[in-house]
Amino acid sequence: MSSKTARGENSRQKILEITRALIGESDSHSVSLDQIAKGCNLSKSSILWHFGSKEGLLLEVVDSIFRNLETTFLNQCPAGLSVLEKFQFFLDAYELLLEETPEIPIMFFSFVFNKKIKQKIDRKIREIYCWNRETLMAQLNISQERASVLLAMLNGVVIQWHVDPQQINIKAAFKEIMSIVEKIVDG
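No experiment lies behind these values; they were computed from the predicted model shown. (Residues numbered from 1 in each chain as written. Predicted model: local features only at pLDDT ≥ 70, side-chain atom pairs only at ≥ 80, totals over all residues. Heavy atoms only, no water.)

In this structure, what is going on with the packing of helix α4 (residues 54-76) against helix α6 (residues 104-113)? I would like to understand it.
Each pair of packed helices can be described by the angle between their axes along with the distance between the axes. It is the contact of α4 with α6, at a shortest axis distance of 11 Å, that shows an interaxial angle of 130°. In terms of orientation, α4 and α6 fall into the oblique class. With respect to the hand of their crossing, α4 and α6 are arranged in left-handed fashion. Contacts between α4 and α6 involve L58, V61, V62, I65 and F66 on the former and, on the latter, I104, M107, F108 and F111. Looking at the contact of α4 with α6 residue by residue, the classes come out as 9 nonpolar, no polar and no charged. (Axes fitted to C-alpha atoms, helices over the stretch in contact; angles between N-to-C directions. Helix = DSSP H or I, 4+ residues; strand = E, 2+ residues; numbered from the N terminus. Parallel < 35°, antiparallel > 145°, perpendicular 65-115°, else oblique. Left-handed = near helix turned anticlockwise from the far one by under 90°. Contact = heavy atoms within 4.5 Å. Nonpolar A, V, L, I, M, F, W, Y, C, P; charged D, E, K, R; others polar.)

Right, dumping it as structure tokens:
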């Protein structure tokens, strides 16, 4: 990799990190390209050169977060695990992701509920949920409806943890979800 390419990739990663942090402090709609540029010590045109638009940047932020979770779950999950062990591995990876980047819930749900974001973001969110359902269906051998319920439980716990972290212990809540999954898989 040339030094010019490496600098460009470093700038791109810095933009993504600063954007994630700024969105975690407020939401995707209120964060401006000017704020991101200032936080990165780059020009706004540099951000646009990398991502094309604010929506393109937001799309890349969402995609990078869930690509990391997908990589962890699919590529690092040890072979030969039972269905329940695979789900526990997923919960552990998800919990670690939330500990390392606590701004994710605000960012993700600000994308989901922000009506001003263009259809491109909506499509990406839909793709992420479809991938999540399909992965759960394939890995746990469950119906689409059960996969949807599991995702709803995960999202609900994450929202509650985010709004009241002193009262909601994410590890204990994930343990409760695991006990429900055990009943689903066994039943």
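Back to the text.
Explain empty space enclosed by the protein to me, please; I cannot follow it from the model alone.
The method is simple in principle: a probe with the dimensions of a water molecule rolls over the atoms, and the space it marks as empty is what remains. Applying the stated criterion across every chain yields a total of 3 cavities of 30 Å³ or more. Taken as a whole, the largest cavity encloses approximately 140 Å³ of empty space. Around the largest cavity, the lining is made up of 14 residues, and of these F66, Y94, N132, L151 and N155 lie nearest the centre. Secondary structure elements with two or more residues in the lining of the largest cavity: α4, α5 (83-100), α6, α7 (119-140) and α8 (144-163). Residues belonging to the lining of the largest cavity are distributed by class as follows: 12 nonpolar, 2 polar and no charged. Space inside the second largest cavity adds up to approximately 40 Å³. (1 Å grid on protein atoms, 1.4 Å probe; cavity = no way out; pocket = protein on both sides within 12 Å on 5 of 7 lines; lining within 4 Å. Points joined across faces, edges and corners; volume = space filled by probe spheres on them.)

Explain helix α2 (residues 33-40) to me, please; I cannot follow it from the model alone.
In an α-helix, one turn spans 3.6 residues, which is why side chains three or four residues apart end up on the same side. Of the residues making up α2, those classed as buried are L33, I36, A37 and C40. Along the axis of α2, the buried positions cluster into a sector of 100°, meaning they face one direction only. A positive backbone phi angle near 60° is found at N41, which sits one or two residues after α2. (Buried < 20%, exposed > 50% of the residue type's maximum accessible area, 1.4 Å probe, protein only. Arc of directions from axis to C-beta.)

Mind showing me how you'd approach the nonpolar core here?
Proteins that are soluble and globular tend to have nonpolar side chains buried together. The biggest cluster of nonpolar side chains holds 54 residues, and the ones touching the most others in it are I36, L57, F87 and F174. Per element, the largest residue contribution to this core is 9 residues, and it comes from α4. In this view, F87 contacts L136, L140, L150, I177, M178 and V181; residues no more than four positions away in its chain are not counted. (Core = buried A, V, L, I, M, F, W, Y, C linked by side-chain atoms within 4.5 Å.)

How should the environment of V158 be read in this particular structure?
Of note, V158 is situated in helix α8. When its relative accessible area of 1% is taken as the criterion, V158 is described as buried. On a C-alpha basis, the gap between V158 and N41 in space is 32 Å, while along the polypeptide they are 117 residues apart. Apart from the residues within four sequence positions on either side, V158 is in contact with Y94, L98, P105, I170 and F174.

What is the right way to look at the packing of aromatic side chains in this model?
Any two aromatic rings considered together are summarised by their centre-to-centre distance and by the angle between their planes. Under the counting rule described, the total for this entry stands at 3 aromatic pairs. Plain terms: the ring middles of F90 and Y94 are 5.9 Å apart, the flat faces sit at 20° to each other, and that makes the pair stacked. Linking F90 with Y94, this pair stays in helix α5, spanning 4 residues, or about one helical turn. What makes F90 buried here is its relative accessible area of 7%. (Phe/Tyr/Trp six-rings, centres within 6.5 Å; stacked < 30°, edge-to-face > 60°.)

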